[in-house]
Amino acid sequence: MTCPSRLGPETEELALRALAAFPEAVAREPGVHDERVLAAVGRVPRHLLVPELLAPVGEDRPARRWRLLRLDQQPAEHLAICYGTDQVVVQLEGQPLGGWRGGDEYTGVPTAQSSGIGLIALTLQELDPRSGDRVVEVGACTGYLAALAADLTGRQVTGVEIDRELVRVAVPRLAAAGADVRMVARDGLRGLPDRTWNVIAASCGVRGLPAAWPAALAPGGRLLTTVTTGAPGWGATALVRRDEHGLLSGQLTCGRWAHVPDRAAGWLPLQLDASVGPSRHRTAVLAPPAPTEYGFWVALAHLAPGVRRHWCAPDVAEDAVVLVGTDGSRAVVDRDGSRVVERGPHDLWSVAEAVHSRWAAAGRPTVYGLEFDRSRVRVVGGPALSWELPLV
């Protein structure tokens, strides 16, 4: 793909240089190695799909203050984010950016973002779309992943996006970039356009696996989606395959990469009410595992639904682990396990210790098997470590 000459010559030169350098930066992302994907990254002009974006202001994370950057007005700053490795925010509070002024600051919560390039590259690497494959992306947003898939397959890719405004904006941008992508405005969780697909890529996290997705896989087809309970940092990736005989199988891989939940599900709320009764103190049986013990944290998220970690809890030691539940329960655990402070109806760290024992006995898995029958999916990590994932 080439970039149309819509920009001033200096801006176009900056953009082309940023595009040419992008594959090298992407290759440094953990786990990324597929030369086909990297070559596509160097061909698809992301800046034409995201000519305006929101840059976080200040050090607070998650950010609430943003500065609007336009390619034609703040080219260097814009391109540094567009061709950076973090996710690219393109919408706040569901509002279109058309009437906003470049350089101005705005406040709000992101409601649309193009995923971090490492996650995009790994998704395509895992799904391995080949020439002629029929590919659909759910939660397409700007259509960037779909455009990369179109480049890899040499045929039209379908992007499904629930936000009609995002679809309206993406269609002419994809055309200007030369990307053969059909955008469809619909709720992809309720079903996909057309009948069967070789590749289904979900650019959002789901609480349960939509039954329509595996049902739409052609023989030999692949499906990839983030599975989440709404606990930030505890995501996992489900890869589902349909074999030539029509049988489904898959695996759930726990790791650092994950899409944000779909809009209907969202993140679990933080319940920090201090009036939930007196505190209970003890010494931990289990010192908090490292955040990189992904297999344990994912198991905890599913076996203790409604529990999440508070990553920036106020009034506690910076290295302490804080768990909160939607029922008001709370556990604060010192990093060395020397003290556990519990509040609320459930002892959350006792639950975590029990799950950790089961996880350790199962061999400390980071990859779980997926077993399908007509009405459910079972996640299996080993003896005495399994749970059901709903088909919705």
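Presented here is an overview of the structure given in this document. Since the structure is predicted, the reported quantities are computational estimates derived from the model, not experimental observations.

### A closer look at the overall build of the chain
Inference 1: On a plain count of helices and strands, the chain comes out with 10 helices and 20 strands.
Inference 2: Its C-alpha atoms give the chain a radius of gyration of 22 Å, within 12% of the compact-globule value 21 Å for 392 residues.
Inference 3: Principal-axis analysis of the C-alpha atoms places the extent of the chain at approximately 65 × 55 × 35 Å.
Inference 4: Looking at the chain as a whole, 53% of its 392 residues are labelled buried.
Inference 5: Intrachain contacts of the chain at a sequence separation of at least 6 include 60% that bridge at least 24 residues.
Inference 6: Total accessible area on the chain is roughly 17300 Å²; 51% of this is exposed by carbon and sulfur atoms.
Inference 7: Each charge sign in the chain was given a centre, from 41 positive and 44 negative side chains, and these centres are 4 Å apart.

### Considering the environment of I120
Inference 1: Within the secondary structure layout, I120 lies in helix α5 (residues 117-127).
Inference 2: Separated by 16 residues in the primary sequence, I120 and V136 have C-alpha atoms spaced 14 Å apart.
Inference 3: In contact with I120, not counting residues within four places along its chain, are R46, S114, S115, Y144, L145 and L148.

### Looking at the nonpolar core
Inference 1: Core analysis: the largest hydrophobic core is formed by 57 residues, its most contacted members being V26, V41, L124, Y144, L148, L174 and V181.
Inference 2: With near-sequence residues (within four places) excluded, V41 lies in contact with L19, F22, P23, V26, I117, Y144 and L148.

### Comments concerning the sheet that holds strand β12 (residues 248-254)
Inference 1: Read from one edge of the open sheet, 10 strands run β8-β7-β6-β9-β10-β11-β12-β18-β19-β20, paired in mixed fashion. Lying at the two open borders of the sheet, with one neighbouring strand each, are β8 (181-185) and β20 (385-390). Averaged over all neighbouring strand pairs, the angle between strand axes comes to 20°, with direction disregarded.
Inference 2: Relative to strand β7 (residues 157-161), strand β6 (residues 135-138) runs parallel, the two sharing three bridges. The partner of E137 across the bridge, within β7, is G159.
Inference 3: This element, α5, spans β9 (197-206), β10 (217-227) and β11 (236-242) of the sheet and lies at about 155° to β10.

### Some remarks on the packing of aromatic side chains
Inference 1: Evaluated as defined, the whole model comprises six aromatic pairs.
Inference 2: Between W234 and W297, the ring centres sit 5.1 Å apart and the planes meet at 20°, which makes this aromatic pair stacked. Of this pair, W234 sits in the loop between β10 and β11 while W297 sits in helix α9 (residues 294-303), placing them 63 residues apart in sequence. With respect to class, W234 is no different from W297; both count as buried.
Inference 3: Ring geometry for F296 against W359: centres 6.0 Å apart, planes inclined by 50°, an arrangement best described as tilted. Here the residue F296 occupies a position in helix α9, and W359 occupies one in helix α10 (residues 348-361), the gap between them amounting to 63 residues.
Inference 4: Three or more aromatic residues joined by ring pairs form one cluster here, namely W234, F296, W297 and W359.
Inference 5: Positioned above the aromatic ring of W311 is the side chain of R309, whose terminal nitrogen or guanidinium carbon lies 4.1 Å from the ring centre.

### Quick notes on the layout of surface pockets
Inference 1: Within this model, the second largest pocket holds a volume of roughly 340 Å³.
Inference 2: Around the second largest pocket, the lining comprises 17 residues; the ones closest to its centre are L122, E126, T237, T253 and W257.
Inference 3: Of all the secondary-structure elements, those providing two or more residues to the lining of the second largest pocket are α5, β11 and β12.

### A short note on α5
Because each turn of an α-helix spans 3.6 residues, side chains separated by three or four positions in sequence point in the same direction.
Inference 1: With 10 of its 11 residues buried, α5 lies for the most part within the structure.
Inference 2: Turning to α5, its buried residues are I117, G118, L119, I120, A121, L122, T123, L124, Q125 and L127.

### A short note on the side chain of S203
Inference 1: Looking at the secondary structure, you find S203 in strand β9.
Inference 2: Take S203: its relative accessible area is 15%, and that puts it in the buried class.
Inference 3: At a separation of 2.6 Å, a polar atom in the side chain of S203 contacts the side chain of E137.
Inference 4: Not counting the four nearest positions on each side in its chain, S203 is found in contact with E137, V138, G139, L145 and H259.

### Notes on empty space enclosed by the protein
Inference 1: Tallying each qualifying case throughout the model produces one cavity of 30 Å³ or more.
Inference 2: In this structure, the largest cavity occupies an estimated 30 Å³ of space.
Inference 3: Taken together, L119, T123, A202, L224, T225, T226, T237 and H259 make up the full set of residues lining the largest cavity.
Inference 4: The leading source of residues in the lining of the largest cavity is β10, at three residues.
Inference 5: Residue composition of the lining of the largest cavity, by class: three nonpolar, five polar and no charged.

The rules behind each value
Residues numbered from 1 in each chain as written. Predicted model: local features only at pLDDT ≥ 70, side-chain atom pairs only at ≥ 80, totals over all residues. Heavy atoms only, no water. Helix = DSSP H or I, 4+ residues; strand = E, 2+ residues; numbered from the N terminus. Rg over C-alpha atoms; globule rule 2.2 N^0.38 Å. Buried < 20%, exposed > 50% of the residue type's maximum accessible area, 1.4 Å probe, protein only. Contact = heavy atoms within 4.5 Å. Areas by Shrake-Rupley, 256 points an atom, 1.4 Å probe, with all protein chains shown as cover. Lys, Arg positive; Asp, Glu negative; His and termini not counted. Charge placed at Lys NZ, Arg CZ, Asp CG, Glu CD. Core = buried A, V, L, I, M, F, W, Y, C linked by side-chain atoms within 4.5 Å. Pairing = 2+ DSSP bridges. Axes fitted to C-alpha atoms, helices over the stretch in contact; angles between N-to-C directions. Phe/Tyr/Trp six-rings, centres within 6.5 Å; stacked < 30°, edge-to-face > 60°. Lys NZ or Arg CZ within 6 Å of the ring centre and 35° of its normal. 1 Å grid on protein atoms, 1.4 Å probe; cavity = no way out; pocket = protein on both sides within 12 Å on 5 of 7 lines; lining within 4 Å. Points joined across faces, edges and corners; volume = space filled by probe spheres on them. Polar contact = N/O pair within 3.5 Å; in protein donor to acceptor, adjacent residues only side chain to side chain. Nonpolar A, V, L, I, M, F, W, Y, C, P; charged D, E, K, R; others polar.

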